[in-house]
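Below, each chain spelled out in residue letters.
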Amino acid sequence: MNYVPQLIITDGSYLRPVNGDPALARDAAEADRLAVHLAAGRRCHPALIGTAMEAGVTYEWRTLVPAFTTHVGFSLLVTGTGAVTLTCDGDTYDCVVPVEAGGSTRADALWLHVSEAKTVSADGYWRCLEPGDAAVPTEAGFALTCSGTVKVWALQTRPLPRTTALS
Amino acid sequence: MSITVPTAATVIPDAALAAKRPITAATEADLAELSHYLRAYGRTPIVSTVFSGDQSAGSGVQPYIEGAASAAQPHAVWCVPVAGALWTHWEITLLVENTALSDAGKVRITRASDGTYTEITVPGSSPQWTTVTGALAIDSAQSTEQLRMAAVNGASGVVRVHAIEIRHKPLASISAAKVADPASALLWRPADSAELAADATLSTGLRRRLHESLEVLRRMWVDSIVGWSDATLYRVAAYQQTTTPYVEVVRIPFVAPALRRRVRWTLYGFVSTGTGYVRLATGYSRAAGIADVEKQLAVGWSSPFSAGLIKYSDSGAGAIECAELQADELLVEVKGTNATLMGIVAWLADP
């Protein structure tokens, strides 16, 4: 299956080939649908929470990116004024999210999202990062820095649905 | 018995599975081997924590926790779901640093159920964000497991741990026995290469067996919303409130995959004195009028921190309902004197 299905059949009794019949594709399609859902579907990814990330230091983490991921987006819970810069060890260019949220406590924080799967040739764009496309889950390293008064109270890594066919 | 485990997912073109089209032994083998591949390589992050706010690290912003002379006291604790008997080990990735010139330090990860641990060496002169990895055997008899992390300095210098991620993995991918999903009694069974040979007739049973194996993998995979621990020896706790009404301390958006309609959870927390509570809900459960899950927090916070653990119970006030395939949020609120959330792991499950 060249595209990831959202809906799946999990009850095998729907598969009704008759013993001794030649194997027909119609019977295999549902099994393939479930397999591709698992191999290339987007699962929930654990959010990074805790003490706020703030200017002056670099925060790094490594996480397993699912197979067939071309772009990774982010959701950031932020306060303050400045920018958040994200980088990935498979991508030459960074992602810069300008922040004009104001406030300084978690109660003031707003969610900002990075969801545009855009390939670029320079730093400074508000866009998803490209950790490298692979047919197996791949561990990727990410780094975050803040400028100005920005604090990041939570961060969610979101491997995005693929925009091109699986192959 | 011989099974083939591809090292990458094979994509079967849509045209090969068009309606009424006879499929070849090669396509059939690709399909069967996908279930082997998914067991061997299809793993999901369960714990993902970036550390900060450790009292040993001094004032200011220090994005790490620092080691101690011994592993007697854990620096971080998580209570994680045991993924299932298809996987034998926790796979651990750490970003570390060691200020010693040559003395190696280590990071010990211990499972609380029986004290079994693994020690991951941090070589001397490791600059910040050096990647080190290790593995700890899973006790699949448990339904959840408390994992404790302790950073231990060498004879000189300081070990610092910046971040950790923990996932499940199989020890050996090419030998695999059948495994039952305890919740559904469905079986994961490998497909023997001989069953898929060109002149073998594919039976109804084999086709359904393949589908069942895939379904077992889906059920056993852990879809994690959060896997976080504060520094147990915190300088300033990340989530501490002193109020009478509830205060929201964590709100995490998530989208549950198909058929995942329940949030299971474990958390560590405490109050310094008196009575305190923690309350959990999802946006969906509130909208649907389902009662929040409310639990009392323990009084005090002392090593090894097990007294502060609270976790779901499907037979009691337990898992939280959520919406599948649409935006939802996990909400955590606390109240009480210095009511503190010290760690939370939340993951999705079938109802």
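Residues numbered from 1 in each chain as written. Chains lettered and ligands numbered in written order. Predicted model: local features only at pLDDT ≥ 70, side-chain atom pairs only at ≥ 80, totals over all residues. Heavy atoms only, no water.

Chemist: Talk me through the state of the cysteines; I want residue IDs and the actual numbers.
Modeler: By definition, a disulfide links the sulfur atoms of two cysteine residues through a covalent bond. Residues and elements named next belong to chain A. Applying the stated criterion across every chain yields a total of zero disulfides over all chains. Between C95, a free cysteine, and C128, which holds the nearest cysteine sulfur, the sulfur-to-sulfur gap is 7.5 Å. Since its relative accessible area comes to 0%, C95 is described here as buried. Summary of cysteine pairing: C146 is not part of a disulfide, and the nearest cysteine sulfur, belonging to C95, is at 12 Å. Its relative accessible area of 10% is what places C146 among the buried residues. (Disulfide = S-S within 2.5 Å. Buried < 20%, exposed > 50% of the residue type's maximum accessible area, 1.4 Å probe, protein only.)

Chemist: Explain the interface of chain B and chain A to me, and be specific about the residues and the numbers.
Modeler: The partner chain A presents 64 residues to the 73 residues of chain B that form the contact. Buried area between chain B and chain A, both sides added, is near 5,800 Å², and the carbon and sulfur share of it is 64%. Linking chain B with chain A are one salt bridge, by the criterion used here. Looking at the side of chain B that touches chain A, the elements that each hand over two or more residues are helix 1 (25–41), strand 1 (45–50), strand 4 (89–98), strand 9 (159–169), helix 2 (204–220), strand 12 (223–229), strand 13 (239–255) and strand 20 (327–349) of chain B. Per-element accounting of the side of chain B that touches chain A gives the leading share, nine residues, to helix 2 of chain B. In terms of residue class, the side of chain B that touches chain A is built from 45 nonpolar, 13 polar and 15 charged. (Contact = heavy atoms within 4.5 Å. Buried area = accessible area lost by both parts, 1.4 Å probe. Salt bridge = Lys/Arg side-chain N within 4 Å of Asp/Glu carboxyl O. Helix = DSSP H or I, 4+ residues; strand = E, 2+ residues; numbered from the N terminus. Nonpolar A, V, L, I, M, F, W, Y, C, P; charged D, E, K, R; others polar.)

Chemist: Could you give me a rundown of the nonpolar core, with the residues and numbers involved?
Modeler: The biggest cluster of nonpolar side chains holds 103 residues, and the ones touching the most others in it are A:I49, B:W78, B:L94, B:M149, B:I164 and B:I344. Among the elements that line this core, the one with the most residues is strand 20 of chain B, at 10 residues. Core analysis: the next-biggest nonpolar cluster, separate from the first, contains 29 residues, A:Y59, A:V65, A:C88 and A:L155 among them. (Core = buried A, V, L, I, M, F, W, Y, C linked by side-chain atoms within 4.5 Å.)

Chemist: I'd like a description of the sheet that holds strand 8 (residues 144–152) of chain B, backed by residues and values.
Modeler: All names here are of chain B. The sheet built from four strands is open, its strands ordered 3-8-5-6 with antiparallel pairing. Either end of the sheet is taken by a strand with one partner, and the two such strands are strand 3 (76–81) and strand 6 (117–122). Between one strand axis and the next, the sheet turns by 20° as a mean value, whatever way the strands run. Of the pairings in the sheet, the one linking strand 5 (residues 105–111) to strand 6 comprises six bridges and is antiparallel in character. Residue pairing for strand 6: T110 is matched across the bridge by Y117. (Pairing = 2+ DSSP bridges. Axes fitted to C-alpha atoms, helices over the stretch in contact; angles between N-to-C directions.)

Chemist: Please give an account of the packing of aromatic side chains that cites residues and values.
Modeler: All names here are of chain B. Here the structure, examined in full by the defined rule, presents nine aromatic pairs over all chains. On the basis of an interplanar angle of 75° and a centroid distance of 5.1 Å, the ring pair of W228 and Y239 is categorised as edge-to-face. Note that W228 is positioned in strand 12 and Y239 in strand 13, a separation of 11 residues in sequence. According to the relative accessible area criterion, W228 is buried, its value standing at 2%. (Phe/Tyr/Trp six-rings, centres within 6.5 Å; stacked < 30°, edge-to-face > 60°.)

Chemist: Which residues make up unusual backbone geometry, and what are the values?
Modeler: Residue and element names in this part refer to chain B. In this model, S303 is joined to P304 through a cis peptide bond whose omega is 5°. If you trace the backbone, P304 turns up in the loop between strand 17 (298–299) and strand 18 (309–311). At N338, a residue that is not glycine, the phi angle is positive and equals roughly 50°. Its place among the elements puts N338 in strand 20. Among the residues examined, N338 registers a relative accessible area of 29% and is labelled partly exposed.

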